[in-house]
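Structure at a glance
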Amino acid sequence: MLLNKELIDEKIRIAIENSKKYIGKGEVPSYIPELLNVDRDNFAFCLVGTTGDIFTYGDDEIVFSLQSISKILTLILALSDTTPAYLYSKVGSEPTSYEFNSLIPIGDKAANPFINAGAITTSSMILGSDNEEKFDRILGLFRSMSEFEGTKMDEGIYTSEIATADRNKAIAYYLKSKGIFDQNPDEVLDLYIKACSIGTNIEGLAMMGAVLANKGIGIKTREMIVPENIVQIVVSQMASCGMYENSGAYLMNVGIPSKSGVSGAIVGVVPEVCSLAVYSPRLDKTGNSVRGKGLFKIISQDLGLNIFV
Ligand code: DON
């Protein structure tokens, strides 16, 4: 991406304009009631270069929950607290064609760390004397990656999700029954849902991705936050499993390792170049932001960010 800043800005503005054709397409999820209380047509986009350049557009003040993007944080901590060999003895590394909250991809392992079953399992591996300490570690990791001081758990989202978490509860108890973890399933689930409820603005999300694009080094602090071997695992799992049952087609269309959440956010990582983050709440049937996916495809082409071409 050998472009000057003015040209990058101009290309992003045109891409955002062209992505307006997706406005109004898709639905917000109803299974977390609090997520219905958002303006469906909110929109924000941010690109952060590994050089530290930041390009921000749209509703950049809005704070939204990470939802499944928190699966990146739980995977990083679980890999640090155990080992890749141990983690992948309990969680698979392959994509699944089933939806993110399906019980079917649980055999002797949960299919991968980026479906609910996999992330509930990685949550069980996070060390700490109690859930408060474990959650503080997850939030602390997000704070150092995003450099977003204002981040905290969104109580409204947490309360709403924990009250309606029957499917995830079933998954947690099923994982325990299969011997995939042996902690109290309600406590593991509580930690997982707290992580999903972490709030960010668009720049914080892009900054988090930029650390992964920057081999684990903080963008402003230039300090190591995530070890390089963990970055390599996380980014490759984003490529293969980050967009749920749409991961293969998405990778072919967009060519950027990405992770989505049902709040309507997507974060993408272009190693050693930049990260991209988008927030647009309307989702398609696979739980991915419609306008977000559309915009990433346009920007990938227009800025030459596809990692395969
Ligand atoms: O556990 C859940 O269902 C949500 N907290 C997160 C799911 C999610 O974000 C899937 N995303 N596309």
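Look a little higher up for the structure.
To start, this report covers the structure provided alongside it.

About the thresholds
- Numbers given to residues run from 1 along each chain, matching the order in which its sequence is written.
- At least 70 in pLDDT is required for a residue's local features to be given in this predicted model, at least 80 for side-chain atom pairs to be given and counted, and no such filter applies to totals for whole chains, interfaces and linings, which use all residues.
- Neither water nor hydrogens contribute to the side-chain values; these are computed over all heavy atoms in the structure.
- Summary of the distance rule: residues count as near a molecule or strand when at least one heavy atom falls within 4 Å of that molecule or strand.
- Between N or O atoms, a polar contact is any pair within 3.5 Å; within protein, one atom must be a potential hydrogen donor and the other a potential acceptor, and residues adjacent in sequence are included only when both atoms are from side chains.
- The accessible surface values rely on the Shrake-Rupley method and a 1.4 Å probe; as for residues, cover is taken only from the protein chains in view.
- Cavity means a closed set of points on a 1 Å grid over the protein atoms alone, one where a 1.4 Å probe fits but cannot get out, pocket means an open set with protein on both sides within 12 Å along at least 5 of 7 lines, and lining means a residue has an atom within 4 Å of a point.
- Pocket occupancy is defined atom-wise: a molecule lies in a cavity or pocket when more than half of its atoms are within 2 Å of its grid points.
- Only a pair of cysteine sulfur atoms within 2.5 Å qualifies as a disulfide here.
- Put simply, two rings from Phe, Tyr or Trp (the six-membered ring, in Trp's case) pair if the centres are within 6.5 Å, and we call them stacked under 30 degrees between planes, edge-to-face over 60, tilted for the rest.
- Secondary structure elements are taken from DSSP: a helix is a run of H or I of four residues or more, a strand is a run of E of two residues or more, and numbering for both begins at the N terminus.
- Using a 1.4 Å probe on the protein chains alone, a residue whose accessible area is under 20% of its type maximum counts as buried, one over 50% counts as exposed, and one in between counts as partly exposed.
- Look at NZ for Lys and CZ for Arg. If either is within 6 Å of the ring centre and within 35 degrees of the ring normal, a charge sits over the ring.

Time to look at the site of the ligand. Around the ligand there are 14 residues in total, and Tyr31, Gln67, Ser68, Glu161 and Tyr192 lie nearest to it. In this structure, an oxygen atom belonging to the ligand sits 3.1 Å away from a side-chain N or O atom of Asn116. Between Glu161 and the ligand, the recorded distance is 2.6 Å, taken from a side-chain N or O atom to a nitrogen atom. When isolated, the ligand has an accessible area of 340 Å², and the protein chains bury 100% of it. Taking a 2 Å distance to the grid points as the criterion, the majority of the atoms of the ligand fall inside the second largest cavity.

What follows deals with the state of the cysteines. Per the counting criterion, the structure on display carries 0 disulfides. A disulfide-free cysteine, Cys274 has its sulfur positioned 10 Å from the sulfur of Cys46, the nearest such atom.

Attention shifts here to the packing of aromatic side chains. Applying the stated rule across the entire model yields 5 aromatic pairs. Consider the rings of Phe45 and Phe296, whose centres lie 6.4 Å apart with planes at 85°: the pair is edge-to-face. Linking Phe45 in strand S1 (residues 44–49) with Phe296 in helix H12 (residues 290–302), this pair joins segments that are 251 residues apart in sequence. Here Phe45 matches Phe296 in class, with each residue buried. Both rings, one in Phe100 and one in Tyr244, keep their centres 5.1 Å apart while their planes meet at 50°; by these two values the pair is tilted. With Phe100 in the loop between helix H3 (84–90) and helix H4 (116–124) and Tyr244 in the loop between helix H10 (228–241) and helix H11 (247–254), this residue pair connects regions lying 144 residues apart in the sequence. As far as the burial class goes, Phe100 and Tyr244 line up, both buried. Here the aromatic cluster, defined as three or more aromatic residues joined through ring pairs, consists of Tyr31, Phe100 and Tyr244. Over the ring of Phe43 we find Arg291; its NZ or CZ atom is 3.9 Å from the centre of that ring.

All quantities given are derived from atomic positions and should not be read as evidence of function.
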